[in-house]
Amino acid sequence: MAQQIKSPNVEKNKFKNPYFSVLGVLVIVILFTILWRPLNLDRTVYVPLNPQAETTVTDNPHSSVVVGDGKIEMVDSKASKQLTESSDIPEDEIAKDELDDIIDDKDNTVQYTIARGDTLHDILLRYNVNKNDVYQLTTKFKQLANLRIGQQISWTTDDDHNLQSFSWTISSNNIRIYEKSGDKFVESSETADGVPQDIVIKGEIKSNFVADARKSGLTSSEIGIITRALQWRLDFRRLQIGDKFLVLLSREMHGKRMSNSQLLGVRIKNGSKDYYAILADDGKYYDINGGSLAQSFVRYPLSKRARVSSAFNPRRLHPITGQVTPHNGVDFAVSRGTPVLSVGNGEVVIAKYSGSAGNYIAIRHGRQYMTTYMHLDKILVKSGQQVKQGDKIALSGNTGRSTGPHLHFELHINNKPVNPLTASLPISEGLTGKSKNAFIAKVKNIKPQLSL
Ligand SMILES: [Zn+2]
């Protein structure tokens, strides 16, 4: 580039001809226009998805475009050329299946048990509930900050993620309902008249887990709880015909509405192996001995801390267009050749050169988590490879659209980018002491109900 800029100047000086002067100035102006925009973004110049302008386009004939709500739509590449901004994240290459839909919570009614570290704001945003509704609800009803671990909440959205109603079961005789009326939420309370009933649902794999679980009477929300709880222990795609599942539920009905459905435990028999997830008093699921079902992550994909040269910023404004061009990850200022480490166990789903992302790796961890690593100098893994936490997967670099050596790192939870430096990450801690004793007592009651 530097050479191209120089050449008109050289010619101008050599010929002292007004024609060359004008041409030279023109070339400089054009080059400056092209270069100026990226240089003004931030150090990274990786221009990520612009939700407003429908930007991301890849080179294959049916390109993916990420639209406003983060959903990927397929469009014809000719029609989309004028939208082209960058092609950092070829997300359409990551195979999706029915389990992803469950994890993405396409279901409109979700039941959720409050776990340690949860806030209502974060839970609802994680489930893609309309931000404005979340804001309205949580600012108008300050009492919703008092959710307790183990309490049940449930909510219903329309197809556009707008919140329609929200319920909070404080205790079986104190249920708060928040219903949307116009553009506001109205609170009412209800006393439980239904008696909670334990129900055991049994099923067998005839085609795949999601389809068979649905047939057996489990809701999408309940299937989601099961697949999330056991995501680190069991690959649901590998379940075989004839494998069995048993689910213990406590359901309470008030007319048509299920206000208090709790998934107390699940057992999946895969060949000769049994997998259990049992609900503890802290709202989380553990294995039958009180051991953690979660897989831990490390916060940084580097062996040493590095300076953050550009922070995660979902609302970054483009300096020229004034439009929101989110920075979906964090940039670490590291010199070329710095080892890049996988932050968790997982499977490499992308390892290739990819336009402005440069050499690019995406790793899928369980069902809910994905990390990406961009502008790499050298990729040391292959697509389809299993990696362990701490494995050296690449050397950092300056490839793709990048103005200096750095590592661009993203963390996606439920297919949504989150701030990797602050996101709550799963902790793999088992139960101990009193809570373990209480849990073991619970298992004694639950396990016989899950027998074949
Ligand atoms: Zn970046």
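Scroll up to find the structure this text is about.
Conventions used here
Residues numbered from 1 in each chain as written. Predicted model: local features only at pLDDT ≥ 70, side-chain atom pairs only at ≥ 80, totals over all residues. Heavy atoms only, no water. Donors = N, O, S within 2.8 Å, 3.2 Å for Na, K, Ca; no water. Tetrahedral: all angles 85-135°; square planar, octahedral: opposite > 155°, others 65-115°. Helix = DSSP H or I, 4+ residues; strand = E, 2+ residues; numbered from the N terminus. Expected span 1.5 Å × (residues − 1). Buried < 20%, exposed > 50% of the residue type's maximum accessible area, 1.4 Å probe, protein only. Arc of directions from axis to C-beta. Contact = heavy atoms within 4.5 Å. Phe/Tyr/Trp six-rings, centres within 6.5 Å; stacked < 30°, edge-to-face > 60°. Salt bridge = Lys/Arg side-chain N within 4 Å of Asp/Glu carboxyl O. Pairing = 2+ DSSP bridges. Axes fitted to C-alpha atoms, helices over the stretch in contact; angles between N-to-C directions.

Caption draft 1: Summary view of the coordination of the zinc ion. Within the protein, the zinc ion binds to His327 (NE2), Asp331 (OD), Asp331 (OD) and His408 (ND1); these donor distances fall in the range 2.0 to 2.8 Å. Bound by 4 donor atoms, the zinc ion shows angles of 52 to 150° at the metal and therefore irregular coordination geometry.

Caption draft 2: Fine view of helix 9 (residues 433–446). With 14 residues, helix 9 extends 20 Å from end C-alpha to end C-alpha; this agrees with the ideal 20 Å at 1.5 Å per step. The complete set of buried residues in helix 9 reads Phe439, Val443 and Ile446. Buried residues of helix 9, seen end-on, are gathered within an arc of 65° and therefore sit on one face of the element. Along helix 9, the residues that are exposed and aim more than 90 degrees away from the buried face are Lys434, Asn437 and Lys444. Those residues of helix 9 that are buried are in contact with strand 9 (244–251), strand 12 (262–270), strand 13 (273–279) and strand 14 (285–286).

Caption draft 3: Examining the packing of aromatic side chains more closely. Within this structure, the stated rule accounts for 14 aromatic pairs. Residues Trp232 and Tyr369 carry aromatic rings whose centres are separated by 5.9 Å and whose planes lie at 25° to one another, so their mutual orientation is stacked. Note that Trp232 is positioned in the loop between helix 8 (220–229) and strand 9 and Tyr369 in strand 20 (residues 369–379), a separation of 137 residues in sequence. Of the residues examined, Tyr369 reaches a relative accessible area of 10% and is grouped as buried. Feature note: the residues Tyr300, Phe332, Tyr373 and Phe409 constitute an aromatic cluster, connected by ring pairs.

Caption draft 4: Focus on the pattern of salt bridges. By the definition in use, this model includes 14 salt bridges. In this structure, Arg251 engages Glu222 in a salt bridge whose closest nitrogen and oxygen atoms are separated by 2.8 Å. Remark: Glu222 occurs in helix 8 and Arg251 occurs in strand 9; sequence separation between them is 29 residues. Taken as a pair, Arg251 and Glu222 share a single burial class, namely buried. Asp377 is paired through a salt bridge with Arg336; the nearest N and O atoms lie 3.0 Å apart. Taken as a pair, Asp377 in strand 20 and Arg336 in the loop between strand 16 (330–333) and strand 17 (339–341) lie far apart in primary sequence, 41 residues in all.

Caption draft 5: Region of interest: helix 8. The element helix 8 is extensively covered by neighbouring structure, given that 10 of its 10 residues are classed as buried. Ser220, Ser221, Glu222, Ile223, Gly224, Ile225, Ile226, Thr227, Arg228 and Ala229 are the residues of helix 8 that are buried.

Caption draft 6: Structural context of the sheet that holds strand 3 (residues 109–113). Spatial strand order, 3-4-5-6-7: 5 strands in an open sheet with antiparallel pairing. For this open sheet the edge positions go to strand 3 and strand 7 (184–190), each flanked by a neighbour on one side alone. Ignoring strand direction, the axes of neighbouring strands in this sheet form an average angle of 15°. One ladder, built from 5 bridges, connects strand 3 with strand 4 (residues 152–157); its direction is antiparallel. In the strand pairing of strand 4, Val110 is matched with Trp155. Lying over the sheet, helix 6 (residues 131–140) contacts strand 5 (163–171), strand 6 (174–181) and strand 7, oriented at roughly 55° with respect to strand 7.

Caption draft 7: Highlighting the sheet that holds strand 13. Within the open sheet, the 5 strands sit side by side as 8-9-12-13-14. Their pairing is antiparallel. On the outer flanks of this sheet lie strand 8 (197–204) and strand 14, each paired with one strand and no other. Sheet topology places strand 8 next to strand 9; 8 bridges connect them, and they run antiparallel. Residue pairing across strands places Gln197 opposite Arg251, the latter belonging to strand 9. Taken strand by strand, helix 8 contacts strand 9, strand 12, strand 13 and strand 14, and its axis lies near 60° from that of strand 12. Along the sheet, helix 9 contacts strand 9, strand 12, strand 13 and strand 14; its crossing angle with strand 13, the most-contacted strand, is approximately 120°.

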